[in-house]
Amino acid sequence: MSELQTLAEMTMLDPSKCTFTPTDGGYISLKYEDTTYERIKICRALPYKAPDEYICLLTRDDKEIGILRRLNQLSEENQKHVLNELSKMYYCPTVTKIISVKDRMGYQYYEVITNAGKREFALRDASRNIRYVSPEKRGAVQIRDIDGNRYLIEDFDTFDSQSRKKIEAFLV
Amino acid sequence: MSEKDNIIEDGVLCTSDYDIDGNGNICSGKTVLLRRDGILYVEVGKEGEEPIHSLKADNIKRLTIVSNIGCANLEADLKDGSSVRLCKMTQSCVTPLSEFIKVINYYVETGILTEMKEELSRCPKCGKPFVANTQFCINCADKGSIVKKFIKLGKDYIPAFLFSGFLVLICNVANLLIPVINRNLVDNYLFPASEGLAPWGDKNPYLAIVGLVLAMFGIYVFVRVVNIFAARLRNKSGTSFMNELRTKMYEKIQFLSMSSISRRTTGDLIKRVTEDTTVIADFLKMETAQIIEVGVIFLCVSIYFIVTRPILAVFVFLPVPITVFAISRFWKFIHRKYERQWILGSRANGILHDIIKGIRVVKVFGTEEKEIKKYDYAAKKQAEIQAENEKIWAILFPALGFVVGLGEFLVLYFGAWAVLGESFMGEPMTVGELTQIISYTGYIYGPLRWMTSLPRSIANAVTSMAKLNEILDEEPDIKDHENVISPEIHGDIEFKNVTFGYKSYEPVLKNVSLKINQGEMVGIVGHSGVGKSTFINLVMRLYDVNSGSLMIDGTDIRDIEKSKLNNSIGIVFQETFLFAGSIYDNILYAKPDAPPEDVIAAAKIANAHDFIIKLPDAYNTVVGEHGYSLSGGERQRIAIARAVLRDPKILILDEATASLDTETESKIQEALQRLTEGRTTIAIAHRLSTLRNADRLIVLEKGELAEFGTHEELLKNKGIYYNLVMAQRQTTKMASVKK
Ligand SMILES: Nc1ncnc2c1ncn2[C@@H]1O[C@H](COP(=O)(O)OP(=O)(O)OP(=O)(O)O)[C@@H](O)[C@H]1O
Ligand SMILES: [Mg+2]
């Protein structure tokens with residue numbers, strides 16, 4: 001641990017001491033060492049760069065319990081529970097095909113096929129709301145619509161070429 | 001009690017939709033409030049299937065929609081202390097569903113059932129989703145052609161352009177006469193002479209020839225002179241139009257609301273005001289004359305060909321459909337490319353602006369190299385697409401020109417047949433006529449070639465027009481409606497169930513209700529990021545509330561004339577901003593007609609006078625952009641003077657004295673106290689001692705109003721404020737021990 005980390009009193013959790021249990025109401029609880037935390041919150045510190053690393057665990061009232069360095073250090077059972085909880089907190093269907101893009105008064109209408117089914121949405125300021133996730137400007141592309149929904153194109157380079165043509169003008 | 005409660009019949013009372021199922025797939029689910037056997041239930045499940053959850057309404061304590069990332073969950077807190085996640089939905093379902101849960105929460109609290117407010121989330125006409133939190137369907141809205149709009153904008157300049165167009169028209173008609181004279185010359189004088197014939201008898205042919213040549217020369221000179229005049233006229237009006245557009249854009253930007261301005265980068269806005277207006281002006285200057293020219297020539301020459309030589313007309317016009325087809329095929333493709341070029345240009349602009357603005361941070365962290373690379377990359381990208389676009393033209397343009405040129409060969413070939421007397425070509429042709437026809441073909445093809453490059457200039461101009469239009473067309477979301485009133489403002493401020501978020505799906509302030517009385521000094525405390533500055537942004541109406549209402553003196557803030565409201569509020573922002581100019585001008589900014597005595601008085605109250613007069617240029621000291629030549633505390637004091645000068649009914653201080661030592665602070669406070677007698681003051685401060693004069697304190701916690709009362713009341717409460725005070729005492733104690 002670096003001096004900075006010690007100073008920051010960062011708690012890196014020991015994965016072998018974590019036991020996650022789903023609750024009846026559809027939440028998740030954590031038993032760590034001897035303490036049980038009910039209805040914990042889980043969030044990703046680096047949702048794009050490293051979605052399965054640096055997982056922050058918070059108590060019900062937003063106090064940090066600690067950070068989990070890597071998800072795959074957990075037992076399979078535990079991993080499943082954590083991923084299940086994460087899937088409730090993050091929603092970002094993957095776009096497989098863009099059927100159409102229509103311009104209307106500064107808004108754009110999209111009709112797309114995602115892994116979760118067909119979706120229609122509108123967005124504004126295309127060049128700001130369609131962008132590469134990484135600063136290297138390649139790979140995954142995120143789209144954010146006007147309501148705050150998110151969509152992901154996993155790899156723009158291998159994306160369906162007809163669909164790619166429809167939006168590549170906005171990707172900078 | 002509402003009507004509905006008396007109906008004991010079973011059945012569905014209200015429903016709403018949700019759209020993500022347990023596996024994360026899109027589904028059509030329903031949340032339903034229904035009565036079965038006289039008991040109210042809330043049921044959640046997919047349409048046409050058994051409900052996944054069925055809760056007795058009387059067991060529910062509260063329903064909430066918890067916003068997550070890209071989705072939201074409907075959660076129920078039950079009376080037995082447990083909680084249940086009922087369903088998951090995309091953000092698009094949140095607005096209508098929140099109406100649904102309002103009905104239930106209201107029932108749970110009061111036992112009264114109300115009608116659900118029908119919030120349509122989709123346009124009833126076309127079924128496409130509305131923009132969040134509005135009833136606005138982009139798809140069905142009136143599209144209104146952009147070009148039409150610009151014609152309307154430029155209507156003052158239309159006469160000048162029309163006149164210039166008329167001149168161009170005359171020139172072209174005159175130009176068309178030259179081949180006619182030429183033909184006359186060849187057929188009547190030159191050709192007979194070379195054949196040894198002399199149909200002119202005794203008359204001197206030279207005189208006639210000189211006459212014809214002089215006529216040609218005259219036309220030539222006339223055309224040039226008139227053309228120059230027409231071009232100057234166009235240039236002048238084009239430039240004025242550009243200036244007018246710029247001013248319009250600039251004005252419009254000033255009136256746009258904070259939310260639409262902060263959506264765009266500074267570089268983007270600057271590009272629109274400066275570059276896009278230039279593109280449009282250039283288009284008007286260069287291309288309008290050409291369009292008229294092409295029209296006239298095309299029309300006249302076409303008529304000539306069709307009337308005199310219909311067969312040749314076929315050859316002349318053969319390449320036209322090919323060109324038009326090719327151009328239209330490329331049009332859509334090219335248009336997108338130009339849009340991309342624009343976006344990249346705007347991005348590069350933005351980066352440049354950012355770096356120059358943040359140059360101090362760059363220097364401190366020594367990241368000049370990195371920033372250079374960043375700009376380099378953006379500039380290169382822009383250059384690349386520009387080169388690519390140019391390349392397309394470089395290939396397309398000559399290729400089309402070539403196709404067009406083929407027609408010329410055909411005309412020459414078949415024209416020669418006609419001169420030689422081939423009967424299928426109709427009447428025999430004279431050599432003079434052939435020269436005329438060849439000249440006319442050239443006349444047509446010149447413009448036709450130009451036409452192949454027209455889409456490019458049009459693409460450019462339309463892209464710029466669209467970008468300008470985006471701004472010009474934007475309805476400021478905060479503006480006076482028709483029936484605003486302009487009352488004298490006293491300073492009663494009341495929040496009624498106010499909910500607000502910068503993005504409607506992420507509320508910052510939740511259901512805040514409170515009343516601040518005229519003349520009161522109120523402090524706002526709370527953790528950083530809790531929404532204190534947001535609170536005062538609403539009071540100043542930089543943003544409108546999402547739901548609930550904000551009343552000033554009992555009138556909804558949206559019904560008060562904006563300028564009246566602005567004039568009654570003085571503010572010192574958390575980030576002090578000084579304009580480039582003198583200290584005097586910066587203070588005077590609040591009230592341009594204030595006499596110097598007032599300016600000095602204001603500076604005195606703000607405790608700024610003493611340091612100002614010590615500066616060599618005193619009040620005339622020029623503070624550079626952002627006032628960087630002054631210290632943080634000095635800047636703050638100037639900002640306070642500015643707010644004070646306005647003599648506002650409502651004074652807002654957002655961490656106005658945070659950069660000052662406590663002694664200076666209390667001096668200012670004393671002075672302000674005298675000033676704010678009878679005026680409403682809202683002060684935000686992290687240093688609680690700053691707020692010791694406050695009559696009452698607002699404590700915000702997690703976006704909600706947690707506590708509101710006098711200093712003593714809150715201390716007695718032993719709540720959040722008590723803890724804050726204790727914590728700060730601790731640190732001051734510690735500090736004094738260390739000393
Ligand atoms: N223009 C904006 N667009 C989007 N979100 C914003 C904007 N301004 C503020 N926010 C967000 O709104 C929340 C409240 O911000 P606000 O500025 O009101 O906090 P504050 O209480 O004044 O904090 P501080 O004490 O640090 O000044 C923050 O989470 C912030 O990230
Ligand atoms: Mg603030």
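Residues numbered from 1 in each chain as written. Chains lettered and ligands numbered in written order. Predicted model: local features only at pLDDT ≥ 70, side-chain atom pairs only at ≥ 80, totals over all residues. Heavy atoms only, no water.

## Section: the overall build of chain A
So, point 1. Scanning chain A for helices and strands turns up 4 helices and 12 strands.
So, point 2. Within chain A, the fraction of its 172 residues that count as buried is 46%.
So, point 3. Of the contacts made within chain A by residues no fewer than 6 positions apart, 33% connect residues no fewer than 24 positions apart.
So, point 4. On chain A, roughly 8,900 Å² of surface is accessible, and the fraction owed to carbon and sulfur atoms is 47%. (Helix = DSSP H or I, 4+ residues; strand = E, 2+ residues; numbered from the N terminus. Buried < 20%, exposed > 50% of the residue type's maximum accessible area, 1.4 Å probe, protein only. Contact = heavy atoms within 4.5 Å. Areas by Shrake-Rupley, 256 points an atom, 1.4 Å probe, with all protein chains shown as cover.)

## Here we look at the nonpolar core
A general tendency of soluble globular proteins is for nonpolar side chains to be buried together.
All names here are of chain B.
So, point 1. Ranked by internal contacts, the top residues of the largest apolar core, which has 42 residues, are Ile587 and Tyr721.
So, point 2. Top element by residues in this core is helix α17 (residues 632-645). It accounts for 7 residues.
So, point 3. With residues up to four places along the chain from it excluded, the contact list for Tyr721 reads Val525, Leu688, Leu697, Val699, Glu707, His711, Leu714 and Leu715.
So, point 4. In this structure, Phe535, Val539, Ile571 and Ile698 belong to the second largest nonpolar core, which totals 32 residues. (Core = buried A, V, L, I, M, F, W, Y, C linked by side-chain atoms within 4.5 Å.)

## Points about the pairing of strand β1 (residues 18-22) of chain A
Residue and element names in this part refer to chain A.
So, point 1. Inspection of the sheet shows β1 paired to strand β2 (residues 28-32) by 5 bridges, in the antiparallel sense. Looking at the pairing, Thr19 lines up with Lys31 of β2.
So, point 2. Between β1 and β2, which pair antiparallel and follow one another directly, the connecting turn spans 5 residues, one of which, Gly26, has a positive phi of 95 degrees. (Pairing = 2+ DSSP bridges.)

## Observations regarding the packing of α17(B) against helix α18 (residues 662-675) of chain B
Residue and element names in this part refer to chain B.
So, point 1. Contact geometry for α17 and α18: axes closest at 13 Å, N-to-C directions at 0 degrees. It follows from the interaxial angle that α17 and α18 lie roughly parallel. In contact with Arg637, Ile640 and Val644 of α17, α18 contributes Thr664, Ile668, Leu672 and Leu675.
So, point 2. Residue composition of the contact of α17 with α18, grouped by class: 5 nonpolar, 1 polar and 1 charged. (Axes fitted to C-alpha atoms, helices over the stretch in contact; angles between N-to-C directions. Parallel < 35°, antiparallel > 145°, perpendicular 65-115°, else oblique. Nonpolar A, V, L, I, M, F, W, Y, C, P; charged D, E, K, R; others polar.)

## As for the sheet that holds strand β10 (residues 130-132) of chain A
Residues and elements named next belong to chain A.
So, point 1. Taken in spatial order, the 3 strands make up an open sheet running β10-β11-β12, and their pairing is antiparallel. Whereas interior strands pair on both sides, the edge strands pair on one side only; in this sheet they are β10 and β12 (150-153). Each adjacent strand pair in this sheet contributes to an overall mean axis angle of 25 degrees, direction not counted.
So, point 2. Direction of pairing for strand β11 (residues 141-144) relative to β12: antiparallel, over a ladder of 4 bridges. Across the sheet, the residue bridging to Gln142 is Leu152, located in β12.

The values reported here are purely geometric and, on their own, carry no functional implication.
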